[in-house]
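# Structural characterization, general
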Amino acid sequence: MLEWELKKFKKMFPNLKHEVEGTKIPTILDHFEKCKSDEDALELIDFFEKNGEISVEMANYLRKNLSKYRGLFGTRTQGEYERRGII
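The structure reproduced in this document is the subject of the present report. (Residues numbered from 1 in each chain as written. Predicted model: local features only at pLDDT ≥ 70, side-chain atom pairs only at ≥ 80, totals over all residues. Heavy atoms only, no water.)

### Details of the pattern of salt bridges
Within this structure, the stated rule accounts for three salt bridges. A salt bridge links aspartate 38 to arginine 70; the shortest N-O distance between them is 2.7 Å. Taken together, the residues span a long stretch of sequence, with aspartate 38 in helix 4 (residues 38-50) and arginine 70 in the segment after helix 5 (56-64) at a distance of 32 residues. The partner of aspartate 46 in a salt bridge is arginine 63, and the shortest N-O contact between them spans 2.7 Å. Here arginine 63 lies in helix 5 and aspartate 46 lies in helix 4, a separation of 17 residues in the sequence. Shared partners join several salt bridges into a network, and the residues in it are Asp46, Glu49 and Arg63. (Salt bridge = Lys/Arg side-chain N within 4 Å of Asp/Glu carboxyl O. Helix = DSSP H or I, 4+ residues; strand = E, 2+ residues; numbered from the N terminus.)

The following block contains the structure:
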């Protein structure tokens, strides 16, 4: 059996580490919940795209279909981390 050092495992597989530990990784949709306007959401999309957290295709899709996600805006305030079952 192969044994892993925890630090190396976390560095190599950060998302898997969260799944194993049962912690939630926020997605861009989670962040939309804190947006107050389309401008906030577009800034967020640009940020996620620039940092490689979403693909160019996903970023373009979100920009074109932003109206579908407006219902998420303002549903969570700073410091609230639990999803309320909106989606």
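### Brief notes about helix 4
Its 13 residues place the ends of helix 4 18 Å apart at the C-alpha level, agreeing with the 18 Å of an ideal helix rising 1.5 Å per residue. Contact partners of the buried residues in helix 4: helix 3 (28-32) and helix 5. A positive phi of about 75° marks glycine 52, the residue just after helix 4. (Expected span 1.5 Å × (residues − 1). Contact = heavy atoms within 4.5 Å.)

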